[in-house]
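Chain by chain, the residues run as shown.
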Amino acid sequence: MAHQRLVTVVGATGAQGGAIVRSLVEANKYKIRGLTRDATSEKAQAVKRLSDQIEMVSCDINKRDDVQRAFKDSWAVFALTDFWAQPDQPELEIQQGKLMADVAASLQIPYYIYSALEDTTKLSSEKYYVPHFANKAQVRDYIKEKHPTLKAIYVEPGFYMQNWLGFFKAQKSADGTVVFAAPINEKTKLYMVDIEDTGPVVRKILDGPDKYVGQDICICGEAIPFGDIPKVFTKATGVPAISKTLTEEEFRSGVHYMPKPVQDEIFAMFQWFDEYGYYGKDKDWTSGQKLTALNTFEQWIKKTGWKG
């Protein structure tokens, strides 16, 4: 099977990268090189066991030599940066994004897919500073300006549905009611994605990548007003649920263990949602749905069997 094209996936043990690896395994027509900080870790070895077409490679995306070696001979690269790996050094994410793009361009990688978000700072005239959004947008701008011949395609995942299981874990009150709580208006829409759907979207892009060069593909299954989220949850599970708009004080007391800059970042993100949505005011957030079917919130709840 020497004719198989090599797709290199940064962050292969993470939410987006892992979803892409699993989807490419199903396609059964690619060699897959999964990049991770430590290829000997149990998480990395579990990915490797998915298929004999997968090789796992240790790569530090802060080091040019590492990235050069890891990207070599790729037909396509999926790249992403993880703000949350070093939230006290937001500039690192930008440096990593630029370095990977520089290497991809120098190696003349045929197709380069980068996971981006919107520039909240620029679009809000500096009202909302949300570095884990804006940094990725700055990298996208850099790629377009510095490497115009690189065939780059940008994917933009929405607000992870999985956040309700982790980062913004829904709580149960004493009577068993599930409480969805966030510092956001009841009428504000949340643009949500089952992050596992990143895989099918990227797989579809790779079926005919020339059609998507230079485009932003939003990966979003559904936009739901925050106040309607418990209604959908109850319909899917039969479990009573409510939404609660937190004041800034309530929000901060709930995340008091986080450093203040991280609290500021997350609170600003929700303010951005209130005023601009998730993707800003002008973006076609349905672009990913035009490539392949994406899970709605109700479908994701049923698929996972989650009941709060």
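On a predicted model such as this, the values are computed, not experimentally measured, just so you know.

Moving on to the packing of aromatic side chains. Evaluated as defined, the whole model comprises 25 aromatic pairs. Ring centres 6.3 Å apart and planes at 80 degrees place the aromatic pair Y128 and Y276 in the edge-to-face group. Taken together, the residues span a long stretch of sequence, with Y128 in the loop between α5 (120-123) and α6 (131-146) and Y276 in helix α10 (residues 260-276) at a distance of 148 residues. Assessed through its relative accessible area of 7%, Y128 is described here as buried. Taking the relative accessible area as the measure of exposure, Y276 reaches 14% and is therefore buried. On the numbers, 5.7 Å between centres and 50 degrees between planes, the contact of W300 with W306 is tilted. On the basis of relative accessibility, which here comes to 1%, the residue W300 falls in the buried class. K281 extends its terminal NZ or CZ atom over the ring of Y276, reaching a point 4.7 Å from the ring centre.

Looking now at the packing of helix α1 (residues 15-27) against helix α7 (residues 198-207). For any two helices packed against each other, the geometry comes down to the angle between their axes and how far apart the axes lie. In the contact formed by α1 and α7, the axes pass within 7 Å of each other and the chain directions differ by 55 degrees. Classed by the angle they form, the pair α1 and α7 counts as oblique. Pair α1 / α7 crosses with right-handed handedness. Between α1 and α7, the residues in contact are Q16, A19, I20, S23, L24, E26 and A27 and T198, G199, P200, V202, R203 and L206, respectively.

The next point concerns the UniProt feature "domain: NmrA-like" (unreviewed entry) in the protein. The residues that UniProt annotates with the feature "domain: NmrA-like" (unreviewed entry) are residues 5-301. Summarising residues 5-301: 38% helix, 20% strand, and an end-to-end C-alpha distance of 35 Å.

Let us now look at the side chain of T177. For T177, the location among the structural elements is in the loop between β8 (171-172) and β9 (178-182). A relative accessible area of 12% means that T177 is categorised as buried. Among the polar contacts made by the side chain of T177, one reaches the side chain of D175 at a distance of 2.9 Å. Beyond its immediate sequence surroundings of up to four residues, T177 is in contact with Q171, K172, P240, A241 and I242.

Here we come to the sheet that holds β9. The strand order across the open sheet built from three strands is β8-β9-β13, with neighbouring strands paired in mixed fashion. Only two strands of the sheet have a single neighbouring strand rather than two, namely β8 and β13 (241-245). Alignment of β8 against β9, held across two bridges, turns out to be antiparallel. Looking at the pairing, K172 lines up with V178 of β9.

About the criteria used
Residues numbered from 1 in each chain as written. Predicted model: local features only at pLDDT ≥ 70, side-chain atom pairs only at ≥ 80, totals over all residues. Heavy atoms only, no water. Phe/Tyr/Trp six-rings, centres within 6.5 Å; stacked < 30°, edge-to-face > 60°. Helix = DSSP H or I, 4+ residues; strand = E, 2+ residues; numbered from the N terminus. Buried < 20%, exposed > 50% of the residue type's maximum accessible area, 1.4 Å probe, protein only. Lys NZ or Arg CZ within 6 Å of the ring centre and 35° of its normal. Axes fitted to C-alpha atoms, helices over the stretch in contact; angles between N-to-C directions. Parallel < 35°, antiparallel > 145°, perpendicular 65-115°, else oblique. Left-handed = near helix turned anticlockwise from the far one by under 90°. Contact = heavy atoms within 4.5 Å. UniProt positions renumbered as here; feature names shortened; annotations may be inferred. Polar contact = N/O pair within 3.5 Å; in protein donor to acceptor, adjacent residues only side chain to side chain. Pairing = 2+ DSSP bridges.

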